[in-house]
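# Structural overview for review
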Amino acid sequence: MSYTVNTLRTMTRSCEQMRDRVKSIVFKPEDRKTLDLTFGPQLAGELVGRTPEALSKAEKEGRLAPPKQQGNGRRFYTLEDLTQIRTALGIHAGKAADEDAVVVAVQNFKGGVGKSTITKHFADYLALHGYSVLVIDCDPQASTTTMFDIQPESLIDDEQTLGAFLSPRSTFDDFAATIRETALATIRIVPSSLGLQDAEWDLTATLREGGQAVREGLQALRIGIASVVKDYDVILLDPPPAMGFLGLNVMAAATGLLVPVPARQLDYLSTIHFMETIAENLEILEQHGTPVDYGFIRIVCSTYSPNKPGEQDMWKMMQATYANFLLSQPILASEEVKNATQSFRSIYESKPSASHETYKRCRENLDAVFGEVIHQIRQQWPSTSNTASSIVGIAA
Ligand SMILES: Nc1ncnc2c1ncn2[C@@H]1O[C@H](COP(=O)(O)OP(=O)(O)OP(=O)(O)O)[C@@H](O)[C@H]1O
Ligand SMILES: [Mg+2]
């Protein structure tokens, strides 16, 4: 055995010994994220699609439980209260039971364009509005997994992972067993794990065998999702920033595409390349017996700073180029988002980090952007396609 191989093996052994110690020190159960979200009558009303007055009336008439009150007498609601209100008033936000989840890939092969930030924020937004969500973190970097309070290192000894499910070398085939709970009851996650990179290599190796093996390799995620597709309203896929077998799996599994593009020249140009590559890859998928047809494709301008030189021009150029495929609202670059993601949270689960006004502006901006995506999603379900403009559903 060569000196290099010997050295690497020795290092691996000593890392393995250290791993258990690190796990016991770093991942204390008491460090788990707990959510302590409360909403005033105005926001609670918006989230369930009723006016505060209508909620108050239903409370007086006994159709809803009496509201909780702060010391100053103001009403407030918790997440559980919102769920109870929806049940009591027959408000159903999502799809009909026999319809399929819409599978949205937040996809761009360029790194650092906001894929994971959008995935996390959109998941939280959907959950607050009463949709049930499954997030699948297909990126070995695992940033989305961490934002849902799961440490990828804690899954090291776990055999029921996405990596194991996707790898053609593994016999593990129970996709549902890879799903974990999060701090929000209506969001589940298939976390990324360190083995996901190995799965990418194992999948790529199917190219040597060709034919059936490649087809199975390309369809692995799609097949897994098919086993749970009735259980959620929306399934969000966060892919790695590169086009490999994991990226192709994401493209093959998605039924809708959301492409984040910052209002910066380089990102704009690389997105043209991304579009070309996507078209080519869809052809490759089709040649391998995996036809793909998206219900919608939307570009979203992520991290827009209108006061930065050149960004307004870039935004205008995007509007001219992408026309109807561009969401009409850009996501504004915001310190609130930056600060929240740095502490592994979304702004929906954080308190304002600067002024209340800045936070409100940021939240209203994201709400408007995600409202447009929800509109696309609702058009995919026959039961809601006529009411697609309502984001919080209708009374049953
Ligand atoms: N609207 C925003 N305002 C301010 N900062 C943002 C915003 N959106 C994203 N960012 C920041 O940009 C950085 C990159 O975002 P993110 O990790 O979501 O990109 P990504 O496309 O998932 O990257 P990767 O390709 O590495 O997976 C992060 O530091 C994030 O906090
Ligand atoms: Mg990411």
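Predicted model only: the values in this text are computed from it and were never measured.

Before going further, it helps to examine the site of ligand 1. Near ligand 1, the surroundings consist of 17 residues, among which K115, S116, T117, S334 and T341 are the closest. In this structure, an oxygen atom belonging to ligand 1 sits 3.0 Å away from a main-chain N or O atom of V113. At 2.5 Å from an oxygen atom of ligand 1 is found a side-chain nitrogen or oxygen belonging to T117. Taken by itself ligand 1 offers 640 Å² of open surface, and the protein chains cover 78% of this. No other element matches helix α5 (residues 115-128), which puts 3 residues into the shell around ligand 1. Split by residue class, the shell around ligand 1 holds 6 nonpolar, 9 polar and 2 charged.

Moving on: the side chain of T290. Tracing the sequence through the fold places T290 in the loop between α11 (265-287) and β11 (296-302). Overall, T290 belongs to the buried group, its relative accessible area being 0%.

With that settled, consider the environment of G310. Its place among the elements puts G310 in the loop between β11 and α12 (311-322). For the pair formed by G310 and E357, sequence separation is 47 residues and the distance between their alpha carbons is 26 Å.

With that settled, the discussion passes to the sheet that holds strand β3 (residues 75-78). Ordered by their spatial adjacency, 3 strands build an open sheet running β1-β3-β2, and the pairing between neighbours is antiparallel. In this open sheet, the two strands that pair with only one neighbour each are β1 (38-39) and β2 (68-69). Taken together, the 2 bridges between β1 and β3 define a ladder with antiparallel strand orientation. Residue pairing for β3: F39 is matched across the bridge by Y77. Across the face of the sheet, helix α4 (residues 79-89) comes into contact with β1, β2 and β3 while running at roughly 90° to β3.

Another aspect to go through is the nonpolar core. Among the nonpolar cores identified, the biggest contains 55 residues, and I136, L166, F175, L221, I225 and L237 are the most heavily contacted of them. When residues of this core are assigned to their parent elements, the largest contribution, 7 residues, is made by helix α10 (residues 245-253). Leaving out residues up to four positions away in the same chain, L237 has contacts with V103, V104, A105, V106, I136, L221, I225, V250, A253 and A254. Core analysis: the next-biggest nonpolar cluster, separate from the first, contains 54 residues, L37, V337, A340 and I374 among them.

Turning our attention to the sheet that holds β11. Read from one edge to the other, the open sheet built from 7 strands follows the order β7-β8-β6-β9-β5-β10-β11, with strand pairing classed as mixed. Looking at the sheet topology across the chains shown, the edges are occupied by β7 (180-181) and β11. Strand direction decides the pairing type here: strand β5 (residues 102-106) and strand β9 (residues 234-238), joined by 4 bridges, are parallel. Within β9, the residue paired with V102 across the bridge is V234.

This part covers a negative patch on the surface. A surface patch of like charges, here negative, comprises E276, E280, E283, E286 and D293. Locating E280 in the fold gives a position in helix α11. Accessibility expressed as a relative area gives 48% for E280, which makes it partly exposed.

So, about the state of the cysteines. Across all of its chains, the model carries 0 disulfides by this definition. In this structure C301 is a free cysteine whose sulfur lies 14 Å from that of C362, the closest cysteine sulfur available. The class of C362 is buried, set by a relative accessible area of 6%.

Once that is clear, we can look at unusual backbone geometry. In this model, A142 sits at a positive phi of 60°, which is unusual for a non-glycine residue. Residue position: A142 is located in the loop between β6 (133-137) and α6 (143-147). On the basis of relative accessible area, A142 is assigned to the buried category, the value being 1%. The phi torsion at T303 lies on the positive side, around 45°, for a residue other than glycine. Here T303 lies in the loop between β11 and α12. On the basis of relative accessibility, which here comes to 33%, the residue T303 falls in the partly exposed class.

In this section: the domain arrangement of the protein chain. Here the protein chain is described as being made up of domain 1 (38-89) and domain 2 (102-387). Put simply, the middle of domain 1 and the middle of domain 2, counted by C-alpha atoms, are 32 Å apart. At the junction of the two partners, domain 1 supplies 6 residues and domain 2 supplies 5 residues. For the pairing of domain 1 and domain 2, the buried interface totals around 500 Å² over both sides, and the portion due to carbon and sulfur atoms is 63%.

So, how was this worked out
Residues numbered from 1 in each chain as written. Chains lettered and ligands numbered in written order. Predicted model: local features only at pLDDT ≥ 70, side-chain atom pairs only at ≥ 80, totals over all residues. Heavy atoms only, no water. Near = heavy atom within 4 Å. Polar contact = N/O pair within 3.5 Å; in protein donor to acceptor, adjacent residues only side chain to side chain. Areas by Shrake-Rupley, 256 points an atom, 1.4 Å probe, with all protein chains shown as cover. Helix = DSSP H or I, 4+ residues; strand = E, 2+ residues; numbered from the N terminus. Nonpolar A, V, L, I, M, F, W, Y, C, P; charged D, E, K, R; others polar. Buried < 20%, exposed > 50% of the residue type's maximum accessible area, 1.4 Å probe, protein only. Pairing = 2+ DSSP bridges. Contact = heavy atoms within 4.5 Å. Axes fitted to C-alpha atoms, helices over the stretch in contact; angles between N-to-C directions. Core = buried A, V, L, I, M, F, W, Y, C linked by side-chain atoms within 4.5 Å. Patch = residues over 30% accessible without salt bridge, like charges linked within 9 Å, V, L, I, M, F, W, Y side chains within 5 Å. Salt bridge = Lys/Arg side-chain N within 4 Å of Asp/Glu carboxyl O. Lys, Arg positive; Asp, Glu negative; His and termini not counted. Charge placed at Lys NZ, Arg CZ, Asp CG, Glu CD. Disulfide = S-S within 2.5 Å. Domains from an automatic or database assignment. Buried area = accessible area lost by both parts, 1.4 Å probe.

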